[in-house]
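Fold and contact review
Residues per chain are reported as follows:
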Amino acid sequence: DTGVSQNPRHKITKRGQNVTFRCDPISEHNRLYWYRQTLGQGPEFLTYFQNEAQLEKSRLLSDRFSAERPKGSFSTLEIQRTEQGDSAMYLCASSSATGFYEQYFGPGTRLTVT
Amino acid sequence: DQQVKQNSPSLSVQEGRISILNCDYTNSMFDYFLWYKKYPAEGPTFLISISSIKDKNEDGRFTVFLNKSAKHLSLHIVPSQPGDSAVYFCAARYTGNQFYFGTGTSLTVIP
């Protein structure tokens, strides 16, 4: 399977705990995006990497959120001191620098904060 | 602030007829628009896109129309098939590769 993969698929955590999600993009894609989606809403942009450089970050993104892409391949998204409002689907997408901006999405990680 | 809006949460169409999904945006700096389809428990799947310098793009049964003066785009599916039943999102690209998505329209194609 050469699509975008995300792990874990589901995560239940208690408020105040830290969580980390992983995204493995399509291997030849150098652009990687993180989104958050809540019920009834479309994906909300969180951050964007080109290779290992984080080039864009939503101004709405709390400083409890951090993302890395250390070698320009897989990426991690960490949420510190989780809150109930962080409960959402976290989507990762990748795209090619030579494409027309179409993104290929993973299945998402569903986070539930209790 | 919702910069990309899909005002119809749902749409039902008979198989074989045309499905028209609409999307409005507010930011004239958007330079690229995309449509995605989403099935339950899956991530969105890219369907079709259009640059802001064009007014139409066609790919098989799918056609996207862009009206820049009205800040409006639409997706036409002809003929509609039951397998097209899904949630459709429009998205717009802002400079720097930030993408804004609408809230989605759930399409049901009735056999």
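For the structure itself, consult the block above.
The following refers to the structure shown.

Scoring rules and cut-offs
- Residues numbered from 1 in each chain as written.
- Chains lettered and ligands numbered in written order.
- Predicted model: local features only at pLDDT ≥ 70, side-chain atom pairs only at ≥ 80, totals over all residues.
- Heavy atoms only, no water.
- Patch = residues over 30% accessible without salt bridge, like charges linked within 9 Å, V, L, I, M, F, W, Y side chains within 5 Å.
- Areas by Shrake-Rupley, 256 points an atom, 1.4 Å probe, with all protein chains shown as cover.
- Salt bridge = Lys/Arg side-chain N within 4 Å of Asp/Glu carboxyl O.
- Helix = DSSP H or I, 4+ residues; strand = E, 2+ residues; numbered from the N terminus.
- Buried < 20%, exposed > 50% of the residue type's maximum accessible area, 1.4 Å probe, protein only.
- Pairing = 2+ DSSP bridges.
- Axes fitted to C-alpha atoms, helices over the stretch in contact; angles between N-to-C directions.
- Contact = heavy atoms within 4.5 Å.
- Buried area = accessible area lost by both parts, 1.4 Å probe.
- Polar contact = N/O pair within 3.5 Å; in protein donor to acceptor, adjacent residues only side chain to side chain.
- Nonpolar A, V, L, I, M, F, W, Y, C, P; charged D, E, K, R; others polar.

**Quick word on a nonpolar patch on the surface**
Residue and element names in this part refer to chain B. A contiguous nonpolar surface patch, about 230 Å² in accessible area, is contributed by Ile18, Ile20 and Val78. Positionally, Val78 belongs in the loop between strand E8 (72-77) and strand E9 (86-94). Overall, the relative accessible area of 41% leaves Val78 in the partly exposed class.

**Notes on the sheet that holds strand E1 (residues 5-7) of chain A**
Residue and element names in this part refer to chain A. If you walk across this open sheet you meet the four strands as E1-E3-E8-E7, and the pairing is antiparallel. Among the strands making up the open sheet, the edge pair consists of E1 and strand E7 (65-68). Across the sheet, the mean angle separating the axes of adjacent strands is 15° when strand polarity is ignored. Sheet topology note: the E7/strand E8 (residues 75-79) ladder contains four bridges and is antiparallel. Bridged to Glu68 within E8 is Thr76.

**A closer look at the interface of chain A and chain B**
Contact with chain A, which involves 22 residues of that partner, is made by 21 residues of chain B. For the pair chain A and chain B, the summed buried surface comes to about 1700 Å²; carbon and sulfur atoms form 55% of the total. Broken down residue by residue, the surface that chain A buries against chain B is led by A:Pro43, A:Tyr101 and A:Phe105, which jointly contribute 29%. Put simply, chain A and chain B have zero salt bridges between them. Connecting chain A to chain B are four residue pairs in polar contact (both at pLDDT 80 or more). The set of elements that each furnish at least two residues to the side of chain A that touches chain B consists of strand E4 (31-37), strand E5 (44-50) and strand E6 (53-57) of chain A. Of the residues that constitute the side of chain A that touches chain B, the class distribution is 10 nonpolar, six polar and six charged.

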